[in-house]
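Now for the letters of each chain:
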Amino acid sequence: MAFVQQSSPHARRARPTSRLMLWVIIATLPGLLAQTLFFGWGNLINVVWCVTVALASEAAILKLRQKPVAFFLKDNTAALTGLLLGLSLPQFAPWWVSAIAVVSAIVVAKQLYGGLGSNPFNPAMVGYALVLISFPVAMTTNWAEPALLWDGAPGFGDTLAAIASVQQTTVDGWTMATPLDEYKHKIVSLTAEEVVQHPTFGDGVARGWEWVNGAFLAGGLVLIGLRIITWHIPAGVLGGLVIMSLAFGSNADLYAPLTLHLLAGGTMLGAFFIATDPVSAATSHQGKLIYGAGIGVLIYVIRTWGGYPDAVAFSVLLLNFAVPFIDHYTPPRTYGHHKARRGVPGRTQG
């Protein structure tokens, strides 16, 4: 009789990958809803398109690798990768830009490394960074102007037509710079009080964006409550960002304030749903804190002094490089054993 040999600890209740990924997908829905309500149909269309391309790409490469297609598609990881890209890309990003991002994420960043569990880099962020570098015009000029779905946002048909276009830019009247981009470029010649008069900031921190980040924060807290992710990486990301902002950004007439860093752009999506990728992130709790803090620091550095207004993708990918180093110096405690004592063996204090 053959027995399956598995190392401890032995969980009594299995939590298959497909169920965990499904919960992550569900937790993103409040953020997707907020994006749709405050920025129109763009992200919803992008999500449907990106998930479709992700499943098709994964099925094709699995077929080429002679792997069971249905078995691997059911783990929901490809769908989650497409979903994260659909949430991250500009609302009016052309369909072909989104397709290139998704195919790069699934085929190059995931399957060519061996599939789930073998990829050293976050697949979604590989795809995002690739199209951001390759098509900067399409990735920086297609962010939707904040407008309620029922009051001012382009209709579904108009949005779909704009995304289906082969042009890299859409109608100027529908698009606007993101709050971080607007603040970064205008604060050079204007005061903070003058900069925030721009319509993209509205009456709050960043018109619409604070609701989107709040929704992703709520979804992330649900994942922590369900123990699908731990609090260490999100806390590290937000903590690193807060410390850097307090240290260097206390003068709003020079740099973006802390509230803008937290509630504009992809901060909460990055902290709770992207940086927490279990395959490409650090392993131990201590390592996760260091890993997250490094991402938070880099987000602030790139946003403030780099050439890109948002920096989640680059920050995550750079820390993915550092994960082997972090894991080497922060190994998790072996199950059933105490942490090793410090000091020289065989010597006692007298």
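In case you missed it, the structure is sitting above this.
Now for a quick tour of the structure. Computed from a predicted model, the values in this text were never measured in an experiment.

### Here we look at a nonpolar patch on the surface
Here is step 1 of the chain: On the surface, Leu 22, Trp 23, Ile 26, Leu 29, Val 222 and Leu 226 cluster together into a nonpolar patch covering about 490 Å² of accessible area.
Here is step 2 of the chain: When residues in the nonpolar patch are grouped by element, the largest group, four residues, is from helix 1 (residues 17–39).
Here is step 3 of the chain: Residue position: Trp 23 is located in helix 1.

### Overview of the nonpolar core
Here is step 1 of the chain: In this structure, Leu 85, Tyr 128, Phe 273 and Tyr 291 are the most contacted members of the largest nonpolar core, which totals 86 residues.
Here is step 2 of the chain: The greatest single-element share of this core, amounting to eight residues, is contributed by helix 16 (residues 312–329).
Here is step 3 of the chain: Contact partners of Tyr 291, with chain neighbours within four places excluded, come to Ile 233, Ala 275, Ser 280, Ala 281, Ala 282, Val 316, Leu 319, Asn 320, Val 323 and Ile 326.

### Thoughts on the environment of Val 195
Here is step 1 of the chain: Tracing the chain through its elements places Val 195 in helix 10 (residues 192–195).
Here is step 2 of the chain: Between the C-alpha atoms of Val 195 and Asp 253, which are 58 residues apart in sequence, the distance is 9.2 Å.

### Quick word on the pattern of salt bridges
Here is step 1 of the chain: Scanning all chains against the criterion turns up two salt bridges.
Here is step 2 of the chain: Note that Glu 58 is salt-bridged to Lys 110, the shortest N-O span being 3.1 Å. With Glu 58 in helix 2 (residues 42–64) and Lys 110 in the loop between helix 5 (95–108) and helix 6 (123–134), this pair connects stretches of sequence that are 52 residues apart. Across the pair, exposure class does not vary: Glu 58 and Lys 110 are buried alike.
Here is step 3 of the chain: Residue Glu 182 is joined to Lys 186 by a salt bridge in which the shortest nitrogen-to-oxygen separation is 2.5 Å. In this pair, Glu 182 and Lys 186 both sit in helix 9 (residues 179–186), four residues apart, roughly one turn of the helix.

Here is what the cut-offs are and how they apply
- Residues numbered from 1 in each chain as written.
- Predicted model: local features only at pLDDT ≥ 70, side-chain atom pairs only at ≥ 80, totals over all residues.
- Heavy atoms only, no water.
- Patch = residues over 30% accessible without salt bridge, like charges linked within 9 Å, V, L, I, M, F, W, Y side chains within 5 Å.
- Areas by Shrake-Rupley, 256 points an atom, 1.4 Å probe, with all protein chains shown as cover.
- Salt bridge = Lys/Arg side-chain N within 4 Å of Asp/Glu carboxyl O.
- Helix = DSSP H or I, 4+ residues; strand = E, 2+ residues; numbered from the N terminus.
- Core = buried A, V, L, I, M, F, W, Y, C linked by side-chain atoms within 4.5 Å.
- Buried < 20%, exposed > 50% of the residue type's maximum accessible area, 1.4 Å probe, protein only.
- Contact = heavy atoms within 4.5 Å.

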